[in-house]
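Commentary on secondary and tertiary structure
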Amino acid sequence: KIKCETEHITLFYNNRETAEESWHGIMGKIAPLLGPLRSPPNVIGSEEDRRKREYTLDLSKKALVDLCGQEADKFLVAGRFELALPGAQQEMKFLTELYGDGAVELVAAYLRMAEANVGLARYQQAEQFLSMANWSILKNPDASNALRSKLHRNFGKVYAARGKLDEALDELAKDIYCSSLASGPEHVDASPGYFHAASVFYAQHRIEHALAFYDKVVDAWYKFLVQCRSDPDVGRDVGEAARREAVDMLRRVLATRAKLLGDAHVATGEAKYALGLLHLFNGTDLNEARELVKDAAQTYSKHLGPDHEKTKDVVDVLQRIPAETPMESAPDTAAAVAPSTAGHSLPSTAGNLGRTPDDFASAFPFPADMKRAATQSPIPLPPTGGRQRSSGFDPMTPSSAGLAAS
């Protein structure tokens, strides 16, 4: 066995690999808190003292539940599934101590365990955790639609990874239904369901269906970012994990549109613009954001004209992006794209880019009713021959299910 000794607590593991995954996954952050939490009280004290201690311990455990869940989500979005497992395991352990076996509060931890196991291609273990989550929800009919949505989504991902594409679509349809009941069909919370359903359609070579569902992903995040630019409060409830997942989804939508429709298609330009705005909202990857918005401005200028309201908005955003770092002012890169809007004096965004929703709204103001460039659903495709049906796919890599001409 491997012994991991710290000044706060001593941990034992079966092997070094497990010890390193546990430490880097969650233990490195919670070890200082576990020592006091697990140590017995020096004095038993009165019944009131014991109640106070139990109350304090419960508060500490609930805080640790939140931390473990956040760390697991961070690694899940990053694709570091082996590091997501320790956080989800600790979350599940603390929740069991707080609420008991089978409580509905454990469902979120079960789903994280399932998602991590799907990422590691351990589908049997994933289905076991999903069955546990399903049983907990069945015993608690008041479970939220948001929780039911995540359950169906993970079942859909397992079935898709195993090549059971029709069963996957059935589960993802339930996911979209439940998330629509919880937040609305156009809310960003529903976008992962649309994305995974589109990936299944892509694997089945039902390309127009896939593009239509990918369009729902772009539509949800575009509308969200439009609202954030006019009302910062809209963006406060969308967590870091959801925003990182959205970056990955929009990148894949962009790659698929570029492959099927061409890099110069207006729908491809729209995907670039949405992804660029999301980078700006997150305050990350500003160089990529600048290139994406620049390409979108050129595409919109070509298809809509330089004086179109939408083209002007894209160019305005482009001018507000810092040149290299937040300490530098943006150059007049839009002049060649839309001369009628270039050269205007704009307020500097230096130092306030993407730190908070308020910063995003002040740096990139946007009319609340700004429409998309064009309705893209369904998106017309170039004429193609017949397609063969795929037997399976990688649910996070739609491009891996290559289009095989019959």
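Residues numbered from 1 in each chain as written. Predicted model: local features only at pLDDT ≥ 70, side-chain atom pairs only at ≥ 80, totals over all residues. Heavy atoms only, no water.

1. A few points about the overall build of the protein
When you go through the protein residue by residue, the secondary structure sums to 14 helices and two strands. The buried share among the 406 residues of the protein stands at 48%. On the protein, roughly 19,100 Å² of surface is accessible, and the fraction owed to carbon and sulfur atoms is 50%. (Helix = DSSP H or I, 4+ residues; strand = E, 2+ residues; numbered from the N terminus. Buried < 20%, exposed > 50% of the residue type's maximum accessible area, 1.4 Å probe, protein only. Areas by Shrake-Rupley, 256 points an atom, 1.4 Å probe, with all protein chains shown as cover.)

2. A few points about the confidence of the model for the protein
For residues with low pLDDT, the predicted coordinates do not support detailed interpretation. Counting all residues, the mean pLDDT for the protein is 80, and 76% of those residues have values of 70 or more. For residues 326–354, every residue scores under 50 in pLDDT, and the model assigns this stretch 57 contacts once sequence neighbours within four places are set aside. Low pLDDT, under 50, characterises residues 374–406; the stretch is placed with 76 contacts to residues that sit more than four places away or in other chains. (pLDDT = per-residue confidence, 0-100. Contact = heavy atoms within 4.5 Å.)

3. Topic: the packing of aromatic side chains
Considering all chains together, one arrives at eight aromatic pairs under this definition. Aromatic pair Tyr 273 and Tyr 300: ring centres 6.3 Å apart, planes at 70 degrees, arrangement edge-to-face. Of this pair, Tyr 273 sits in helix H11 (residues 266–282) while Tyr 300 sits in helix H12 (residues 286–304), and the two are 27 residues apart along the sequence. Judged by relative accessible area, which is 0%, Tyr 273 ranks as buried. Each member of the aromatic cluster is reached from another via a ring pair, and the members are Tyr 194, Phe 201 and Phe 213. (Phe/Tyr/Trp six-rings, centres within 6.5 Å; stacked < 30°, edge-to-face > 60°.)

4. Let's talk about the pattern of salt bridges
Per the counting criterion, the structure on display carries 23 salt bridges. A salt bridge links Glu 82 to Arg 80; its shortest N-O distance comes to 3.0 Å. The class for Glu 82 is partly exposed, based on a relative accessible area of 22%. Its salt-bridge partner being Arg 112, residue Glu 91 comes within 2.7 Å of it at the nearest N-O pair. Of this pair, Glu 91 sits in helix H3 (residues 81–99) while Arg 112 sits in helix H4 (residues 107–119); the two residues are 21 residues apart in sequence, bridging distant segments of the chain. (Salt bridge = Lys/Arg side-chain N within 4 Å of Asp/Glu carboxyl O.)

5. Quick look at the environment of Arg 243
Tracing the chain through its elements places Arg 243 in helix H10 (residues 240–261). In this structure Arg 243 comes out as buried when scored by relative accessible area, which is 19%. Distance from Arg 243 to Phe 281, taken between C-alpha atoms, is 9.2 Å for residues 38 residues apart in sequence. If we ignore the near neighbours within four places in the chain, the residues touching Arg 243 are Trp 221, Val 238, Leu 278, Phe 281 and Asn 282.

6. A few points about the packing of helix H2 (residues 47–78) against H3
For any two helices packed against each other, one specifies the crossing angle of their axes together with the interaxial distance. Contact geometry for H2 and H3: axes closest at 8 Å, N-to-C directions at 155 degrees. In this view, H2 runs roughly antiparallel relative to H3, as classed from their interaxial angle. In the packing of H2 onto H3, the handedness of the crossing is left-handed. Residue-level contacts link Asp 58, Lys 61, Lys 62, Leu 64, Val 65, Cys 68, Gly 69, Ala 72, Phe 75 and Leu 76 of H2 to Phe 81, Leu 83, Ala 84, Gly 87, Ala 88, Gln 90, Glu 91, Phe 94, Leu 95, Glu 97, Leu 98 and Tyr 99 of H3. Its residues assigned to classes, the contact of H2 with H3 comprises 14 nonpolar, three polar and five charged. (Axes fitted to C-alpha atoms, helices over the stretch in contact; angles between N-to-C directions. Parallel < 35°, antiparallel > 145°, perpendicular 65-115°, else oblique. Left-handed = near helix turned anticlockwise from the far one by under 90°. Nonpolar A, V, L, I, M, F, W, Y, C, P; charged D, E, K, R; others polar.)

7. Concerning H2
Think of an α-helix as turning once every 3.6 residues; residues three or four places apart then point the same way. Look at H2: 47 Å from first C-alpha to last across 32 residues, which is about the 46 Å you get at 1.5 Å a residue. Residues Leu 57, Lys 61, Leu 64, Val 65, Cys 68, Gly 69, Glu 71, Ala 72, Phe 75 and Leu 76 constitute the buried set of H2. Backbone geometry just after H2 places Gly 79 at a positive phi near 80 degrees. (Expected span 1.5 Å × (residues − 1).)

8. Quick look at the packing of H2 against H10
Contact pair H2 / H10: the axes reach a minimum separation of 9 Å and the direction vectors enclose 5 degrees. In terms of orientation, H2 and H10 fall into the roughly parallel class. Where H2 approaches H10, its residues Asp 73, Lys 74 and Val 77 are matched on the opposing element by Ala 241, Arg 244 and Glu 245. Taken together, the residues of the contact of H2 with H10 sort by class into two nonpolar, no polar and four charged.

9. Observations concerning the side chain of Thr 268
With respect to the secondary-structure elements, Thr 268 resides in helix H11. In this structure Thr 268 comes out as buried when scored by relative accessible area, which is 0%. When sequence neighbours within four positions are dropped, the list of residues in contact with Thr 268 reads Leu 254, Arg 257, Ala 258, Leu 261, Gly 262 and Asp 263.

10. With respect to unusual backbone geometry
Backbone geometry at Ala 121 places phi at a positive 60 degrees, although glycine is not the residue there. Take Ala 121: it is sitting in the loop between H4 and helix H5 (123–139). A residue is classified by how much of its surface remains accessible, and Ala 121, at 46% relative accessible area, is partly exposed. With a phi close to 50 degrees, Asp 285 is a non-glycine residue in the positive phi region. Since its relative accessible area comes to 40%, Asp 285 is described here as partly exposed.

11. Overview of the environment of Ser 301
Relative to the assigned elements, Ser 301 resides in helix H12. In sequence terms Ser 301 and Thr 311 are ten residues apart; their C-alpha atoms lie 5.9 Å from each other.

12. Brief notes about helix H6 (residues 145–161)
For H6, which comprises 17 residues, the first-to-last C-alpha distance of 24 Å matches the rise-based estimate of 24 Å (1.5 Å per residue) to within 8%. Within H6, 13 of the 17 residues are buried, which leaves the element mostly enclosed by the surrounding structure. Trailing H6 by a residue or two, Gly 163 shows a phi angle of about 85 degrees, which is positive.

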